[in-house]
Amino acid sequence: MSLTIEVVNQAADCTKMYLIGRLDTNTAQQLEGIIDKEVNEKTNMLTFDLANLEYISSAGLRVLFKTSKALKKHGGHFGLMHLQPQIQKVLDIVKALPAVPIFKNEHEMDEYLDAMQKKVIDGDE
Amino acid sequence: MKNSLTTRMILWVTMSVTAIFTAISSYDYWFTSNLLNLQLRQLAELEVSASETKASDMLDRLQHQADLTAALVTQISPSQNKLESMIATAMQQNEAAYGMAIVVDPNTTPKTDHTSYASYFFRNEENLNFVNLANESYNFRQKDWYLQAQQLESPQWTEPYFDEGAGDVLMSTYLVPVKRVDGFTLITIDLALSTLQKMLANMEDKQDMSIYAMTPGGHIISGNDESLMLQQLYEIGMRAKNTPPWFHTLIEEIKNRKSGSFSTYCQKMQEDCWISYAPLGDTQWTMLVSYSHTSLTAQLNTYSIHRALQMALGIMLLILFIWAITRRQFLPLKELDKATQAFAKGKLDYTLPAAPRNDEIGSLTQSFSHMQVSLQEHIKELQQETKQRERINSELRTANEIQQSLLPSDNEINNKALGIQLSAYLQPARAVGGDLYYYHIQNEQQLHGPQLLRFVIGDVSDKGVAAAIFMARVVTAIRAIGEQVADPADLLTQLNHQLVEDNDACMFVTLLAGTLDLHSGELKIASAGHPMPFYLHEKSNKMPLVKQITQFNGPALGLYGYQFESLKMTIEPNSYLFTYTDGLDEATNIHSELYGEDNIIKNLKANFPSSASELISNTLSAINQFTGDAEPADDLTLLAIHWEGVKKVHTREITIKSRQEELEQVNTALNEFLVEHHLPESLLLELQLIAEEIMVNTINYGYAGRVDETISVLISHNKSHITMTFVDQAKAFNPLELGEARLGMPEAEGAVGGLGVHLVKEMCDACSYEYVAGENRFTVKILLEKGK
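Treat the numbers as computed from the prediction; the structure is a model and nothing was measured.

S.K.: I keep staring at the sheet that holds strand S16 (residues 452–460) of chain B and nothing clicks. Help me out?
M.R.: Two orientations exist for strands paired in a sheet by backbone hydrogen bonds: parallel and antiparallel. Residue and element names in this part refer to chain B. The strand order S15-S16-S17-S18-S21 describes an open sheet built from five strands, whose pairing is antiparallel. Each end of this open sheet is capped by a strand with a single partner; those strands are strand S15 (435–442) and strand S21 (567–570). Between one strand axis and the next, the sheet turns by 15° as a mean value, whatever way the strands run. In this sheet, S16 lies alongside S15 in antiparallel orientation, the contact comprising eight bridges. Bridge assignment links leucine 436 to a residue of S16, and that residue is glycine 458. Its contacts with the sheet place helix H10 (residues 488–500) against S16, strand S17 (509–517) and strand S18 (522–528), and it is angled at close to 150° to S17.

Here you go:
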């Protein structure tokens, strides 16, 4: 089993990645490489769609943490969606991502993004 | 050439001729040497008698001279002057005489003393000297010879003496006493020994012999032999350490004035010699002659050497002639020999020599010529036949290969996981045969579903090519139908249906078909006129159980439609099934005895096998021992199945190298373990996560990135939970003592390792760690309940 990553650039600063398969010690570096290539300081929003992610280990979690941290540094946003029960369970155990917004579907994410947008605009005012 | 006829002929002829020649020559040598010896002896005796004559003649003449003078003195009594002149004249006439004396002694007749005188004439070189012996200084009356003469009745020779003062040489004197009335008168004549010696030496020179004269008293006068000069014969004999036996005879013979000869060993010559003796005329003297054998045999030897040389030359010439003749005679034979050698090497077109003569060799050559032609024709026929046979054989080989390819490619199954072993053996009686077998494991690679071993063994009627073609038809049909039907009876019924159609040749096949469920051991068997298999099971008391499964037999296939039925039974784990064709039970030995089923059972009981292939090899060696050199009459096929029963593996161990890539193997092993043991697959991801976290930790931190270390995982389960034990040889490290990860603070990089351990701790239902014998042992248990 391996990991397949599909990258969709929804807007210039908004990227979505579909992770399909297993995110473990052997595939974590593969994801890291893609993120280094696709995500930069201009990225405002990065979302991982985990609908087809079967498995995640601590090595996979580490990549997610690292990415979240990198985005936050320049004010970007990071989100996860469509978590499968076994993935949810791992996340529950480590209680690692309380600050990461998790969306059940596209609609929730859009709402979240709108709110963020509004917050930014309000903040500017 | 060493063993050629010519050589042997020369050898034998030469040997025979040499033998004959040698025999003839030996006889010739013996005969000739006898003859020659005789002649030489006669010649030598002739020489001896010539010497005798010469010596006796000389002595006789001296005696005669003295006797004559004495007679004159007696009868006419001449005066002193007259006598002296007579003696002087006699001396001149007889050169052998050294000296002569006349002694007239008046003392014997005292009346006439004035007439006494002693006159002596002797030679001094060429002159005749005179001495008056009656002088004061000589005083003849005191001389031995005179004293001796006075005693004599008749004339006699003195022994040798040196006449000092008168003759002054060594001499022997012939004394002739004359007794007259007027007194004693004595006539003497001297023989100087040197004269005799010279004569003897002269005679010796002519012959290879030694000549001796002997005085009446036994003193020896020799020619050239100084050693015996003046020796006394009798004293020589007495002086010798070992007196020869002939010595006394010789003395006696000489005394009796006899002549003779004998052979003896002569010390002087150091060889065998011939001694001859004879009295010298009327004198008292004796002559002795000795001559050597060598001088006689030397001539014989020369003759023999000439003879031998002649013979050698003769034999050499003979060899040369025989060689030339046989060579010429055997030349055609040699040519014939060359030709036959060429035949032997296969050169049948070699030209034979022309038959030269109408003799045995000519006839032999003609026979060979006939043989050559016949052989050429025969070989041509043979080549054609061979070519044809080769073509048929080649076709049969191809047919055999095709037939082999119709059978399962591997003649055995050995699947440990399924606990099944199968071994098959097929030996056609001819190049191709009518026996067949087939087997197949259904779902062999599958993890689910029933796993069935199908097996078929069969025997087509008849054998050879026809049987082989029908066999091909049967096997093809079995492969086609076999996969579709589950019950062997259905297989037989459908197969029969196919074979009955278009079977004008009325070929048929006996067949046994079966299926064995590798999980349950359920056996289904159906037979179409084929012997049922033997069932072998080792009972707990170690007594093997061997019995033939009994079942109603349907008819052979290919004859008429029939609905077959299967026998169902369950066999014990670790049991054998043994099937065969009639090549086994109907095998015959040279006494035409059948092997029979009883022998099959006996052999199976005697040698309970430890594997299917051993069962086959045991049976083969038993049948080979039984048949011996007998030709196999029928095709022979054996099929043995050993079912151990499926082993339920409750544990599994996997060992990997300390590399992240090898984790995949552990993932696969975990997956297989759950499937094989029918455990909830929902637990898979959890088990994989735990395994990954622990092993990655060991690889990265425990072994610090060294990639050739090992990590083992022992997976097991019982009714309530799955246990995984991780074992490594890294430095002692207890993950459970690692501090809690800073939860909720994902950004903390340093907490990542701890995060994995935290995940493990949270997920497992029980964790434990121990460090034993240099090994880290980390055990995790997961409850099965969770997966449901």
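After presenting the structure, the write-up continues.
S.K.: Is there a simple way to think about the nonpolar core in this case?
M.R.: Burial of nonpolar side chains together is a common tendency in soluble globular proteins. Core analysis: the biggest nonpolar cluster contains 65 residues, and Leu19, Leu31, Phe48 and Leu61 of chain A together with Met695 and Phe726 of chain B have the highest contact counts within it. Sorting elements by how many residues they give to this core places helix H15 (residues 684–702) of chain B first, with nine residues. Among all residues touching phenylalanine 48 of chain A, those that are not within four sequence positions of it are Met17, Leu19, Leu31, Ile35, Leu64, Phe78, Gly79, Leu80 and Met81 of chain A. Leu407, Leu453, Val456 and Leu495 of chain B belong to the second-largest nonpolar core, a separate cluster that totals 53 residues.

S.K.: Which parts of the structure should I look at to understand the sheet that holds strand S25 (residues 710–717) of chain B?
M.R.: Residues and elements named next belong to chain B. In space, the five strands of this open sheet follow the order S24-S25-S26-S28-S27, with antiparallel pairing throughout. Of all strands in the sheet, those with a lone pairing partner are strand S24 (651–657) and strand S27 (766–772), marking the two edges. Within this sheet the neighbouring strands show an average axis-to-axis angle of 15°, counted without direction. Judged from the seven bridges that link them, S27 and strand S28 (residues 775–783) form a sheet pairing that is antiparallel. Paired with tyrosine 771 across the two strands is asparagine 776, which belongs to S28.

S.K.: Explain the state of the cysteines to me, please; I cannot follow it from the model alone.
M.R.: One covalent bond between the sulfur atoms of two cysteine residues makes up a disulfide. Residues and elements named next belong to chain B. All told, the structure shown has one disulfide over all chains when counted by the stated rule. The side chain of cysteine 764 participates in a disulfide bridge whose partner is cysteine 767; the two sulfur atoms lie 2.0 Å from each other. Residues cysteine 764 and cysteine 767 share a disulfide whose torsion about the S-S bond is about -105°; that sign makes it left-handed.

S.K.: What am I meant to see in the packing of helix H8 (residues 360–406) of chain B against helix H9 (residues 465–482) of chain B here?
M.R.: Any two packed helices are characterised by the angle at which their axes cross and by the distance between the axes. Residue and element names in this part refer to chain B. It is at 10 Å that the axes of H8 and H9 come closest, and there the two elements cross at 25°. Classified by the interaxial angle, the pair formed by H8 and H9 is roughly parallel. Of the two elements, H8 crosses H9, and the hand of that crossing is left-handed. Contacts between H8 and H9 involve Leu396, Gln403 and Leu406 on the former and, on the latter, Val465, Ala468, Met471, Ala472, Val475 and Arg479. Of the residues that constitute the contact of H8 with H9, the class distribution is seven nonpolar, one polar and one charged.

S.K.: Where do I start with helix H12 (residues 596–606) of chain B in this structure?
M.R.: Think of an α-helix as 3.6 residues a turn; residues three or four steps apart then line up on the same face. All names here are of chain B. All of the buried residues in H12 are Gly596, Ile600, Asn603 and Leu604. Down the axis, H12 shows its buried residues gathered within 135° of arc, on one side only. Pointing more than 90 degrees away from the buried face of H12 are the exposed residues Asp598, Lys602 and Ala606.

S.K.: It is not clear to me how a nonpolar patch on the surface should be interpreted in this structure. Could you clarify?
M.R.: All names here are of chain B. Residues Leu313, Leu317, Leu320, Phe321 and Ile325 make up a contiguous nonpolar surface patch of about 530 Å² in total accessible area. With respect to the helices, strands and loops of the structure, phenylalanine 321 is situated in helix H7 (residues 293–344). For phenylalanine 321, a relative accessible area of 53% puts it in the exposed group.

S.K.: Would you explain the confidence of the model for chain B in this entry?
M.R.: Residue and element names in this part refer to chain B. Looking at chain B, the pLDDT average stands at 83 and 92% of residues meet or exceed 70. Segment residues 109–113: pLDDT under 50, and six contacts once partners within four positions in sequence are set aside and those in other chains are kept. pLDDT under 50 marks residues 741–752. Its contacts with residues more than four places away, or in other chains, come to 21 contacts.

S.K.: Explanation requested: helix H1 (residues 5–76) of chain B in the structure shown.
M.R.: Compared with an ideal rise of 1.5 Å per residue, which puts 72 residues at 106 Å, H1 of chain B spans 103 Å between its outermost C-alpha atoms and is within 8% of the ideal. Once H1 of chain B finishes, serine 77 of chain B follows within two positions and takes phi at roughly 45°, a positive value.

S.K.: Would you mind showing me how to read the pattern of salt bridges here?
M.R.: Note that side chains of opposite charge can pair when their charged atoms are close. All names here are of chain B. If you walk through the whole model with that rule in mind, you get 10 salt bridges over all chains. Where arginine 397 meets glutamate 390, a salt bridge forms, and the shortest distance between an N and an O atom there is 3.4 Å. In this structure, the salt-bridge partner of glutamate 672 is arginine 652, at a minimum N-O distance of 2.6 Å. Of this pair, glutamate 672 sits in helix H14 (residues 663–676) while arginine 652 sits in strand S24; the two residues are 20 residues apart in sequence, bridging distant segments of the chain. Taking relative accessible area as the criterion, glutamate 672 reaches 28% and is therefore assigned partly exposed. Residue classification places arginine 652 among the partly exposed residues on the basis of a relative accessible area of 25%.

Procedures and definitions
- Residues numbered from 1 in each chain as written.
- Chains lettered and ligands numbered in written order.
- Predicted model: local features only at pLDDT ≥ 70, side-chain atom pairs only at ≥ 80, totals over all residues.
- Heavy atoms only, no water.
- Pairing = 2+ DSSP bridges.
- Helix = DSSP H or I, 4+ residues; strand = E, 2+ residues; numbered from the N terminus.
- Axes fitted to C-alpha atoms, helices over the stretch in contact; angles between N-to-C directions.
- Contact = heavy atoms within 4.5 Å.
- Core = buried A, V, L, I, M, F, W, Y, C linked by side-chain atoms within 4.5 Å.
- Buried < 20%, exposed > 50% of the residue type's maximum accessible area, 1.4 Å probe, protein only.
- Disulfide = S-S within 2.5 Å.
- Parallel < 35°, antiparallel > 145°, perpendicular 65-115°, else oblique.
- Left-handed = near helix turned anticlockwise from the far one by under 90°.
- Nonpolar A, V, L, I, M, F, W, Y, C, P; charged D, E, K, R; others polar.
- Arc of directions from axis to C-beta.
- Patch = residues over 30% accessible without salt bridge, like charges linked within 9 Å, V, L, I, M, F, W, Y side chains within 5 Å.
- Areas by Shrake-Rupley, 256 points an atom, 1.4 Å probe, with all protein chains shown as cover.
- Salt bridge = Lys/Arg side-chain N within 4 Å of Asp/Glu carboxyl O.
- pLDDT = per-residue confidence, 0-100.
- Expected span 1.5 Å × (residues − 1).

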